[in-house]
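# Architecture and fold: a report
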Amino acid sequence: AVASAAGAPGALLGRAEARAAADEADRLLRAVLDGDRAERMRVALGQGASKARGAFTDVLDALVVRLHALAREGAEAQQPARARRALAACRGIDAVERAKQRAAGNVTPQLVAADLLRELAGAFARAG
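Residues numbered from 1 in each chain as written. Predicted model: local features only at pLDDT ≥ 70, side-chain atom pairs only at ≥ 80, totals over all residues. Heavy atoms only, no water.

### Digging into the side chain of Glu-24
The cut-off we apply is this: Each helix is a run of H or I in the DSSP string that is no shorter than four residues. Each strand is a run of E no shorter than two, and both are numbered from the N terminus. Burial status follows relative accessibility: with a 1.4 Å probe on protein chains alone, a residue under 20% of its type maximum counts as buried, one over 50% as exposed, and anything between as partly exposed. Two N or O atoms form a polar contact when they lie within 3.5 Å of each other; inside protein one atom must be a possible hydrogen donor and the other a possible acceptor, and for residues adjacent in sequence the pair counts only when both atoms belong to side chains. Pairs of residues are marked as contacts when any of their non-hydrogen atoms sit within 4.5 Å.
In this fold, Glu-24 is placed in helix H1 (residues 9–33). Residue classification places Glu-24 among the buried positions, given a relative accessible area of 16%. Looking at Glu-24, its side chain comes within polar contact range of the side chain of Gln-47, at 2.6 Å. Excluding residues that lie within four positions of it along the chain, Glu-24 makes contacts with Val-43, Gln-47 and Val-59.

### Some words on unusual backbone geometry
Notably, Gln-78 is not glycine yet its phi reads approximately 55°, a positive angle. Along the chain, Gln-78 falls in the loop between helix H3 (53–77) and helix H4 (80–104).

### Looking at the packing of helix H2 (residues 37–45) against helix H5 (residues 109–127)
Where we set the bar: All axes are obtained by fitting lines to C-alpha atoms, using only the stretch in contact for helices, and the reported angles, taken between N-to-C directions, cover 0 to 180 degrees. By the definition adopted for this analysis, an angle is roughly parallel if under 35 degrees, roughly antiparallel if over 145, roughly perpendicular if from 65 to 115, and oblique otherwise. Here a crossing is taken to be left-handed if its near helix is turned anticlockwise relative to the far helix by less than a right angle, and right-handed if that turn runs clockwise. Basically, the charged four are Asp, Glu, Lys and Arg, the nonpolar ten are Ala, Val, Leu, Ile, Met, Phe, Trp, Tyr, Cys and Pro, and anything else, Gly included, counts as polar.
Direction vectors running N to C along H2 and H5 enclose 150°, while the axes themselves pass 8 Å from each other. As judged from the angle between their axes, H2 and H5 are roughly antiparallel. Viewed along their axes, H2 and H5 form a crossing whose handedness is right-handed. Along its contact with H2, which presents Arg-40, Met-41, Val-43, Ala-44 and Leu-45, the element H5 presents Gln-110, Ala-113, Ala-114, Leu-117 and Ala-121. A per-class count over the contact of H2 with H5 returns eight nonpolar, one polar and one charged.

In structure tokens, the structure reads:
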């Protein structure tokens, strides 16, 4: 990792922050796809406080990447169930974009995350 940073210690820190955001996005998505309401609330409450909005926005960006991958996989599978899941992922991307707008305002990441996870869970539940 040090060699790949090419003498730029900031690149290492940026990579670590990106990895942490991706891991948290995976956690959010698992809570939506595999968890129940209580798990989604635990994950939402685990988001940073209001002073951590930048990190939370990074998580939301990483979540868009994850949802885009789900949508692409579902569209390529050419199976009805996977296509419905792809549609849910696309709706999820829209929900994350709305969450980013709310996060930019004076709303705590926990509240934004709770609302987002509820919306995502509903989209995926309707997809079957």
